[in-house]
Amino acid sequence: MNHGENNITVVDEEGNEQLCEVLFTFDSEEFGKSYVLYYPIGADEDDEEDIEIHASAFIPSEDNNDGELMPIETEEEWDLIEEMLNTFLEEQDED
């Protein structure tokens with residue numbers, strides 16, 4: 001897994017751009033995909049609400065500068081992502 005201070009710009013269906021911070025990324029041999037978990041920047045400044053974490057599959061570009069985000073399509077993929085997120089959060093609690 002890569003942990004780092006990475007930001008990505010996500011464009012929604014209406015063409016609105018949202019700057020997001022990458023929580024972490026991981027690769028799945030089982031599904032042959034890479035995944036990214038991220039949340040909108042500024043969301044962690046409001047303690048009133050839980051941060052909404054988003055997840056997408058992604059295909060890195062050849063130069064690795066950016067990539068194409070793809071929707072998560074199967075229940076099995078969501079189960080894997082949830083498991084990885086729970087592990088990540090447990091590790092953060094230990095630090």
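Residues numbered from 1 in each chain as written. Predicted model: local features only at pLDDT ≥ 70, side-chain atom pairs only at ≥ 80, totals over all residues. Heavy atoms only, no water.

A word on the confidence of the model for the protein chain
To be explicit about the condition: Think of pLDDT as the predictor's per-residue confidence, scored from 0 to 100. By definition, any uninterrupted DSSP run of H or I lasting at least four residues is a helix, any uninterrupted run of E lasting at least two residues is a strand, and each is numbered from the N terminus.
The predicted model of the protein chain has a mean per-residue pLDDT of 83, with 83% of residues at 70 or higher. The element-level mean pLDDT for the protein chain is lowest in strand E5 (residues 67-70), coming to 82, with helix H1 (residues 75-94) highest at 93.

Digging into H1
Stated formally: What a helix is expected to span follows from its residue count: subtract one and scale by 1.5 Å. Only protein chains enter the accessibility calculation, which uses a 1.4 Å probe; a residue whose area is less than 20% of its type maximum is buried, one above 50% is exposed, and one in between is partly exposed. Our arc is simply the arc of the directions from the helix axis toward the C-beta atoms. Any pair of residues with heavy atoms lying within 4.5 Å of one another is described as a contacting pair.
In this model, H1 (20 residues) spans 29 Å end to end at C-alpha, consistent with the 28 Å of a helix rising 1.5 Å per residue. Within H1, burial applies to Glu77, Leu80, Ile81, Met84, Leu85 and Phe88. Here the buried residues of H1 occupy an arc of 135 degrees about the axis, which is enough to place them on one side. Exposed and facing more than 90 degrees away from the buried side of H1 are Glu75, Glu82, Glu83, Glu90, Asp93 and Glu94. Its buried side turned inward, H1 meets strand E2 (17-28), strand E3 (33-40) and strand E4 (54-60).

What about the packing of aromatic side chains?
Where we set the bar: In summary, the pairing rule links any two rings of Phe, Tyr or Trp, Trp by its six-membered ring, whose centres are within 6.5 Å, and it sorts them by plane angle into stacked for under 30 degrees, edge-to-face for over 60 and tilted for everything else.
In total, this model carries three aromatic pairs according to the counting rule given. Here the aromatic rings of phenylalanine 24 and phenylalanine 88 are separated by 4.5 Å at their centres, their planes lie at 25 degrees, and the arrangement is stacked. Linking phenylalanine 24 in strand E2 with phenylalanine 88 in helix H1, this pair joins segments that are 64 residues apart in sequence. By the ring-pair criterion, three or more aromatic residues cluster together here, those being Phe24, Phe26, Tyr35 and Phe88.

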